[in-house]
Amino acid sequence: MPKRYASIWFYHLLTDWMARHQPDLRAIPFVLSAADHGRMVVKAVNDLAQEKGIFPGMVVADCRAIFPDLRVIDYPPQQAEKLLNALAEWCIRFTPIAAIDLPDGLVLDISGCTHLWKGEKPYRDEIQNRLRQFGYQVNIAVADTIASAWAVCRYGKSNLIVEPGEQVSALLSLPPSALRLEQSIVEKLEKLGLQHIGSFINMPQTALRRRFGMTLLHRLGQARGSEIELLEPVQPPAPYEERLPCMEPIRTATGIEIALQQLLETLCRRLAKEGNGLRNCTLNCYRVDGNIQKIQIGTNRPSRSTAHLFKLFQIKVSQLEPALGFELFVLQSTIIEEISMEQEALWAESNNDDIEAIGELLDKISGKVGQQSIRRYLPAEHYWPERSIKTSTSLVEKATTAWRKDLPRPLHLLSRPQLIEVTVPIPDYPPMLFRYRGTIHEVKKADGPERIEQEWWIEEGLFRDYYCVEDQDGKRYWLFRLGSYHTGEPKWFVHGFFA
């Protein structure tokens, strides 16, 4: 299949974007400016400012002399790249390969896509009309090569769809700058009277190389198609992704659930063939007005149970706002894990395993309250109490060491010990009183000390002497003294609370 490319040029990318967010700017001339070598220089203009004779690169002071009422707004750095990435992602509904073309364009590989719109002209018109409805002034050209599509898009006057094999003919009447050459090379060509590409495209390559270097030959080769020009897609295809375009926009929750069910069944069949299960999944919903909405789920264990995954998504379907309707659904999973034979057998037989039931219950709870609200902890091989536990993201992960059970440990351990004031009768005794958060606690019972030192290969420091104490109200605390009275004035901390 011959390659076909579409080049999209946004005349006033950033000013159109600014006018979308501030509609009052559409009726006035304005520019975006930034400091450059001590001067404020225009970086972008809208069409009304351009009609006044103001162009990018001009000094703001000169622009105000031309049009005193000109509105000047700070230029948002790196916004063009962010915006083009978002627009390229939006264009994925028209082609799987879309790349940004800084500073103001996109390039689409449309090979094999245009027949879905009954031809290249309806395909081009659909993209152009949709973008113009969003408020962007665009021009789109189609050709066999990226270079020729770029040139015709920005310098072509009439026919913006170049017939296959005719890219050279389309370039003949265009200026040398249409080849994306450096300004110095363009000036040399114009100085020699070579005002159009057709005046030098058929010259001997040795003469062109001797006078203008390899850059000109390289650009000519890209335009003809004799040299390859690669694209860098903004979003490579996800390894586990299912797409469902809709003939008519979907506006109801029932319709969304039907589409979701179909996508999950297709994805789970693929996972079953490969012996895998997913740990996270995202449903991307593309609205007809260009808005993209997402809902995401996560699981504690790898799963390919369509019914279970559908229930997790069903909780969040109400978060979607269809408005005019969704025209495309994309289901993606980026975290895939292998399902063990034991788990496979449980699903095939009774599916009544406690671990499996707990995992599905936790998935449902996290779907309602958020995954960050549920934690599973395992023991870690460290002596320092706050380092002796670690979080686990899976129910099947095994502990590498046993929990400490020979000595009492608090039910609630603070992630960071809190400093307290104490009254101690003599060194190495537990405190008689301690003040915590402004309240004085009288110690009635105490047990200890238990000395805990940290590993020397991690960090050097003082040891801790821990005491289990009970105050006058029967509340029990886990306190420790950092260091010894023999080496200075130690500090006391509260580190946990017993039931």
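Predicted model only: the values in this text are computed from it and were never measured.

**So, the overall build of the protein**
Then step 1. Regarding its fold elements, the protein presents 14 helices and 20 strands.
Then step 2. Each of the three principal axes of the protein carries a C-alpha extent, and together these read 100 × 65 × 50 Å.
Then step 3. Looking at the protein alone, contacts between residues at least 24 apart form 57% of all its contacts between residues at least 6 apart.
Then step 4. For the protein, the exposed surface amounts to about 27,300 Å²; the carbon and sulfur share of it is 52%.
Then step 5. Both charge centroids of the protein, one from 59 positive and one from 62 negative side chains, sit 3 Å from each other.

**Points about the confidence of the model for the protein**
Then step 1. Across the protein, the average pLDDT comes to 88, with 91% of residues at 70 or higher.
Then step 2. In the predicted structure, residues 345–353 sits below a pLDDT of 50 and forms ten contacts with residues beyond four places in sequence or in another chain.

**Considerations on the packing of aromatic side chains**
Then step 1. Tallying each qualifying case throughout the model produces 16 aromatic pairs.
Then step 2. Linked through ring pairs, Trp90, Phe94, Trp117, Tyr123 and Phe134 together constitute an aromatic cluster.
Then step 3. One residue, Arg180, lies across the ring of Trp150, its end atom 5.9 Å from the ring centre.

**Observations concerning the packing of helix α1 (residues 13–21) against helix α4 (residues 79–90)**
Then step 1. Between α1 and α4, the least distance of the axes is 10 Å, while the angle of their chain directions is 75 degrees. By the angle between their axes, α1 is roughly perpendicular relative to α4. For the pair α1 and α4, contact is made by Leu13, Leu14 and Trp17 and by Gln79, Ala80, Leu83, Leu84 and Leu87, respectively.
Then step 2. Looking at the contact of α1 with α4, its residues break down into seven nonpolar, one polar and no charged.

**Section: the sheet that holds strand β16 (residues 433–436)**
Then step 1. With antiparallel pairing, six strands are arranged side by side around a closed barrel as β15-β16-β17-β18-β19-β20. Along the sheet, successive strands turn relative to each other by an average axial angle of 45 degrees, direction set aside.
Then step 2. Inspection of the sheet shows β16 paired to strand β17 (residues 439–452) by four bridges, in the antiparallel sense. By the bridge assignment, Tyr436 is partnered in β17 with Thr439.

**Concerning the layout of surface pockets**
Then step 1. Empty space within the largest pocket amounts to approximately 740 Å³.
Then step 2. Forming the walls of the largest pocket are 24 residues, and the residues nearest its centre are Pro385, Ser388, Ile389, Trp403 and Arg409.
Then step 3. At the level of secondary structure, the elements contributing two or more residues to the lining of the largest pocket comprise β13 (376–379), β15 (412–423) and β17.
Then step 4. Residue composition of the lining of the largest pocket, grouped by class: 14 nonpolar, four polar and six charged.

**What to know about the packing of helix α11 (residues 253–274) against helix α12 (residues 306–314)**
Packed helices, taken two at a time, are described by the angle between their axes plus the distance between the axes.
Then step 1. At a minimum axis separation of 10 Å, α11 and α12 run at an interaxial angle of 145 degrees. For α11 against α12, the interelement crossing comes out right-handed. Between α11, through Glu257, Leu260, Gln261, Leu264, Glu265 and Cys268, and α12, the contact on the second element is made entirely by Thr306, Leu309, Phe310, Phe313 and Gln314.

**Remarks on the pattern of salt bridges**
Then step 1. Under the counting rule described, the total for this entry stands at 22 salt bridges.
Then step 2. The partner of Asp104 in a salt bridge is Arg154, with the nearest N and O atoms 3.6 Å apart. In this pair, Asp104 sits in the loop between β5 (98–101) and β6 (105–109) while Arg154 sits in helix α6 (residues 146–155), placing the two residues 50 residues apart along the sequence.
Then step 3. In the salt-bridge network here, residues are joined through shared partners; they are Arg93, Glu126, Arg130 and Glu327.

**Observations regarding the environment of Gly53**
Then step 1. Note on placement: Gly53 falls in the loop between α2 (47–51) and α3 (60–66).
Then step 2. Overall, Gly53 belongs to the partly exposed group, its relative accessible area being 28%.
Then step 3. Gly53 has contacts with Met58 and Ile66, leaving out every residue within four places of it along the chain.

**Digging into the nonpolar core**
Then step 1. With 34 residues, the main nonpolar core has Ile8, Phe10, Leu108, Leu131 and Tyr136 as its most contacted residues.
Then step 2. Counting residues per element, the ones that place at least two in this core are β1 (5–10), α1, β2 (30–36), α4, β6, α5 (120–133) and β7 (138–143).
Then step 3. For this core, the element with the highest residue contribution is α4, accounting for six residues.
Then step 4. The residues contacting Leu108, other than those within four sequence positions of it, are Arg4, Tyr5, Ala6, Ile8, Cys91, Thr95, Ile97, Ala98, Tyr123 and Ile127.
Then step 5. In this structure, Ala143, Ala178, Leu181 and Leu216 belong to the second largest nonpolar core, which totals 28 residues.

**Side note on the sheet that holds strand β3 (residues 39–45)**
Then step 1. If you walk across this open sheet you meet the three strands as β3-β2-β4, and the pairing is mixed. Strand pairing shows two members of the sheet lacking a second neighbour, β3 and β4 (71–74), which therefore form its edges. Here the average twist between neighbouring strands, direction ignored, is 45 degrees.
Then step 2. The sheet contact formed by β2 and β4 spans four bridges and is parallel. Each bridged residue has a counterpart across the sheet, and for Phe30 the counterpart in β4 is Arg71.
Then step 3. The strands touched by α1 within the sheet are β2, β3 and β4, with β2 carrying the most contacts at an inclination of about 120 degrees.

**Describing the environment of Val494**
Then step 1. Considering the arrangement of structural elements, one finds Val494 in strand β20 (residues 491–497).
Then step 2. Overall, the relative accessible area of 0% leaves Val494 in the buried class.
Then step 3. Separated by 17 residues in the primary sequence, Val494 and Tyr477 place their C-alpha atoms 7.1 Å from one another.
Then step 4. Setting aside residues no more than four positions away along its own chain, Val494 makes contact with Leu414, Pro417, Gln418, Ile420, Tyr436, Tyr477, Trp478 and Leu479.

**So, the environment of Ser148**
Then step 1. With respect to the helices and strands, the residue Ser148 is situated in helix α6.
Then step 2. Put simply, Ser148 and Phe55 are 93 residues apart on the chain and 26 Å apart in space, counted from C-alpha to C-alpha.
Then step 3. At 2.5 Å, the side chain of Ser148 forms a polar contact with the side chain of Thr145.

Conventions and cut-offs
Residues numbered from 1 in each chain as written. Predicted model: local features only at pLDDT ≥ 70, side-chain atom pairs only at ≥ 80, totals over all residues. Heavy atoms only, no water. Helix = DSSP H or I, 4+ residues; strand = E, 2+ residues; numbered from the N terminus. Contact = heavy atoms within 4.5 Å. Areas by Shrake-Rupley, 256 points an atom, 1.4 Å probe, with all protein chains shown as cover. Lys, Arg positive; Asp, Glu negative; His and termini not counted. Charge placed at Lys NZ, Arg CZ, Asp CG, Glu CD. pLDDT = per-residue confidence, 0-100. Phe/Tyr/Trp six-rings, centres within 6.5 Å; stacked < 30°, edge-to-face > 60°. Lys NZ or Arg CZ within 6 Å of the ring centre and 35° of its normal. Axes fitted to C-alpha atoms, helices over the stretch in contact; angles between N-to-C directions. Parallel < 35°, antiparallel > 145°, perpendicular 65-115°, else oblique. Nonpolar A, V, L, I, M, F, W, Y, C, P; charged D, E, K, R; others polar. Pairing = 2+ DSSP bridges. 1 Å grid on protein atoms, 1.4 Å probe; cavity = no way out; pocket = protein on both sides within 12 Å on 5 of 7 lines; lining within 4 Å. Points joined across faces, edges and corners; volume = space filled by probe spheres on them. Left-handed = near helix turned anticlockwise from the far one by under 90°. Salt bridge = Lys/Arg side-chain N within 4 Å of Asp/Glu carboxyl O. Buried < 20%, exposed > 50% of the residue type's maximum accessible area, 1.4 Å probe, protein only. Core = buried A, V, L, I, M, F, W, Y, C linked by side-chain atoms within 4.5 Å. Polar contact = N/O pair within 3.5 Å; in protein donor to acceptor, adjacent residues only side chain to side chain.

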